[in-house]
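What follows is each chain in one-letter form.
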Amino acid sequence: MPKPDPFGFDMSVSSAKKKNTRGRRGMSGASETSTRLCEHPGCEEAGLYRAPRAPDVLDEYLWFCKDHVREYNNKWNFFDGTTEAELNAQASKDRVWERTTRPMGDPEARAWARLGIEDPHQVLGDNATRNPGKGAGGGRRLPPKERQAIEILEAKDHWTKAEVRKAYKSLIKVLHPDMNGGDRSQEEQLQQVVWAWDQIKDSRNFK
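Notes on the structure follow. (Residues numbered from 1 in each chain as written. Predicted model: local features only at pLDDT ≥ 70, side-chain atom pairs only at ≥ 80, totals over all residues. Heavy atoms only, no water.)

## Quick notes on the packing of helix H5 (residues 144–152) against helix H7 (residues 187–201)
Close contact between H5 and H7 brings their axes to 8 Å; oriented N to C, the two are set at 130 degrees. With respect to H7, the axis of H5 lies oblique. Taken as a pair, H5 and H7 cross one another with a handedness that is left-handed. Counted together, Lys-145, Glu-146, Gln-148, Ala-149, Ile-150 and Ile-152 of H5 and Gln-192, Val-193, Trp-195, Ala-196, Gln-199 and Ile-200 of H7 form the full contact between these two elements. Of the residues belonging to the contact of H5 with H7, the class tally is seven nonpolar, three polar and two charged. (Axes fitted to C-alpha atoms, helices over the stretch in contact; angles between N-to-C directions. Helix = DSSP H or I, 4+ residues; strand = E, 2+ residues; numbered from the N terminus. Parallel < 35°, antiparallel > 145°, perpendicular 65-115°, else oblique. Left-handed = near helix turned anticlockwise from the far one by under 90°. Contact = heavy atoms within 4.5 Å. Nonpolar A, V, L, I, M, F, W, Y, C, P; charged D, E, K, R; others polar.)

Put into C-alpha cells, the structure is as follows:
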C-alpha cells in the first residue's frame, strides 16, 4: 500500500483523470464535457459529436447532436470539388503510398552526362579510338606504385604535378557520391583514385 504524500498531494493517475475532464469522450464518440448546441439549423439538442468543417480544414470542427452528425457524415465527401485530373493524380500516389519511384538508369552514364558527355570515349577527343601502347610517347622510368597511380588517374608521366592534380579532381567529380546523387556503386574506384593521388602528390618525380 503506497504511503500518503506528506505534503497532502494526491499524485495518483486516477486523481489526475478526475481533475482533468477536458475533452473526455465516451465509447460512442460523444464528448461528455461539451456544452455546445447542435449547429444544424433549428436544432436545440446538445452538440456532443464533432465533425471536420471541410476537406481542406480537417483541424476545425462542427458540433452536432447524434442524429445530425450521422446525416452530416452520410453526405461527407472528402474529394468534393476535386477535378478528375487531381483525383487521378491522388490515386496514382496512393498506389505507391505517396512514395514516388526513382527513375532507373545507368549511374555511370548519368555521371558522364553531368560533364556534358554522352559517351565516355568523348573524354579523349580525337584519340578516343587510338591505342598508342604503353611504350609510346617516350615514357620515363617511375617506381611501380607511381606508374600504377598514373594509369589509374589516366595521366601522362611527363605531366606536372598540377596537371595530374587536375585529372584527379575531374575523376573525383565523377566518382564521389556527393557529386552524383548519392550513388555509391563506384566507391571502390574512388578509393583507387584517392590512393593514386597520394602516391603522386608526395613524389619527387613530378615537378
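## Focus: the side chain of Ser-203
Looking at the element boundaries, Ser-203 is found in the segment after H7. By relative accessible area, which is 6% here, Ser-203 ends up buried. Among the polar contacts made by the side chain of Ser-203, one reaches the main-chain amide nitrogen of Asn-205 at a distance of 3.0 Å. Contacts of Ser-203, omitting those with residues within four sequence positions, involve Glu-146 and Lys-161. (Buried < 20%, exposed > 50% of the residue type's maximum accessible area, 1.4 Å probe, protein only. Polar contact = N/O pair within 3.5 Å; in protein donor to acceptor, adjacent residues only side chain to side chain.)

## Details of the nonpolar core
Residues Ile-150, Leu-153, Val-164, Tyr-168, Val-193, Ile-200 and Phe-206 are the most contacted members of the largest nonpolar core, which totals 18 residues. Contributing elements (two or more residues each) for this core: H5, helix H6 (161–175) and H7. Sorting elements by how many residues they give to this core places H6 first, with six residues. Contacts of Phe-206, omitting those with residues within four sequence positions, involve Arg-140, Leu-142, Glu-146, Ile-150, Lys-156, Asp-157, Trp-159, Lys-161, Val-164 and Ile-200. With ten residues, the next largest nonpolar core counts Ala-30, Ala-51, Phe-64 and Tyr-72 among its residues. (Core = buried A, V, L, I, M, F, W, Y, C linked by side-chain atoms within 4.5 Å.)

## A look at the pattern of salt bridges
Close approach of charged atoms allows side chains with opposite charge to pair. Counted under the stated rule, the structure contains four salt bridges. In this structure, Asp-198 engages Lys-201 in a salt bridge whose closest nitrogen and oxygen atoms are separated by 3.4 Å. Of the two residues, Asp-198 and Lys-201 are both situated in helix H7; the distance of three residues between them amounts to about one turn of the helix. According to the relative accessible area criterion, Lys-201 is partly exposed, its value standing at 38%. (Salt bridge = Lys/Arg side-chain N within 4 Å of Asp/Glu carboxyl O.)

## Section: helix H2 (residues 66–75)
Here H2 has its buried residues at His-68, Val-69 and Tyr-72. Seen from one end, H2 has its buried residues packed into an arc of 100 degrees, which puts them on one side. The exposed set on the far side of H2, more than 90 degrees from its buried face, consists of Asp-67 and Asn-74. Buried residues in H2 make contact with strand S1 (49–54) and strand S2 (57–64). (Arc of directions from axis to C-beta.)

## Topic: unusual backbone geometry
Note on backbone geometry: most residues besides glycine have negative phi, and most peptide bonds are trans. Positive phi, normally seen in glycine, also occurs at Glu-154, with a value near 55 degrees. With respect to the helices and strands, Glu-154 occurs in the loop between H5 and H6. Looking at Glu-154, the relative accessible area reads 54%, which means it is exposed.

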